[in-house]
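# Residue-level structural notes
Residue strings, one per chain:
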Amino acid sequence: VSQSRYPWPVSLRVGDDTESIRQAIAPHLGSGRKLGIFLTDDRHCAPLLLALGQLGVRLPEDALLVSMGIEGHGQSSQSLVTTIDIPLYEVGAKATDLLLRVLTGEKTYQPAAHVVPEKLTVRSSTAV
């Protein structure tokens, strides 16, 4: 992605501790734009929320937060984070079944798109 067309980082990879997250996010605050954060794993919600709080970032006024996955839903921090749930077990089982059929010659592999069922749960991290 061209940095001249998109003057903001497309993706940040940081540690899962609050200090690393805080240092990575701080330079992107105050630009007059709302910060959009997409986590690929629920386990990072708690340290991210702590870092945002330390920086004075309010959800959803200053930033929007969406998390993917199902691992952290038991955490209290998850109760305010918008999530995209994907049935990972079902996806893995279907992929394994297809792979075994191809490997045993029962089926010929044909590249195709596979629709993955998801559930969007909108919470206060993206809704006012």
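Look a little higher up for the structure.
Residues numbered from 1 in each chain as written. Predicted model: local features only at pLDDT ≥ 70, side-chain atom pairs only at ≥ 80, totals over all residues. Heavy atoms only, no water.

This part covers the sheet that holds strand 2 (residues 63-68). With respect to topology, four strands assemble into an open sheet ordered 1-2-3-4, the strand pairing being mixed. Looking at strand neighbours, the two that pair on one side only are strand 1 (35-39) and strand 4 (119-121), the edges of this open sheet. Between one strand and the next, the sheet's axes are offset by a mean angle of 15 degrees, whatever the strand orientation. As paired strands, strand 3 (residues 82-85) and strand 4 are joined by three bridges and run antiparallel to one another. Looking at the pairing, Ile84 lines up with Leu120 of strand 4. Running over the sheet, helix 2 (residues 45-54) touches strand 1 and strand 2 and is turned about 160 degrees from strand 1. (Pairing = 2+ DSSP bridges. Helix = DSSP H or I, 4+ residues; strand = E, 2+ residues; numbered from the N terminus. Axes fitted to C-alpha atoms, helices over the stretch in contact; angles between N-to-C directions. Contact = heavy atoms within 4.5 Å.)

Among the residues making up helix 2, those that are buried are Cys45, Pro47, Leu48, Leu49, Ala51 and Leu52. The inward-facing, buried residues of helix 2 contact helix 1 (18-25), strand 1 and strand 2. Backbone geometry just after helix 2 places Gly56 at a positive phi near 75 degrees. (Buried < 20%, exposed > 50% of the residue type's maximum accessible area, 1.4 Å probe, protein only.)

Our focus in this paragraph is unusual backbone geometry. Cis geometry is found at the peptide bond from Leu59 to Pro60, where omega equals 0 degrees. Following the sequence through the fold, Pro60 ends up in the loop between helix 2 and strand 2.

Enumeration according to the criterion identifies four salt bridges in this entry. As a salt-bridge pair, Arg58 and Asp62 come within 3.0 Å of each other at their nearest N and O atoms. For Glu106, the salt bridge is made with Arg101, and the minimal N-O distance between the two is 3.7 Å. For Glu106, a relative accessible area of 57% gives the class exposed. Arg101 gets classed as partly exposed once you look at its relative accessible area, which sits at 32%. Connected through salt bridges with shared partners, the residues Asp97, Arg101 and Glu106 form a single ionic network. (Salt bridge = Lys/Arg side-chain N within 4 Å of Asp/Glu carboxyl O.)

This part is about the packing of helix 1 against helix 2. The N-to-C vectors of helix 1 and helix 2 enclose an angle of 55 degrees; their axes lie 8 Å apart at closest approach. It follows from the interaxial angle that helix 1 and helix 2 lie oblique. For the pair helix 1 and helix 2, the sense of crossing is right-handed. Contacts between helix 1 and helix 2 involve Thr18, Ile21, Arg22 and Ile25 on the former and, on the latter, Pro47, Leu48, Leu50, Ala51, Leu52 and Gln54. Here the contact of helix 1 with helix 2 is composed, by residue class, of seven nonpolar, two polar and one charged. (Parallel < 35°, antiparallel > 145°, perpendicular 65-115°, else oblique. Left-handed = near helix turned anticlockwise from the far one by under 90°. Nonpolar A, V, L, I, M, F, W, Y, C, P; charged D, E, K, R; others polar.)

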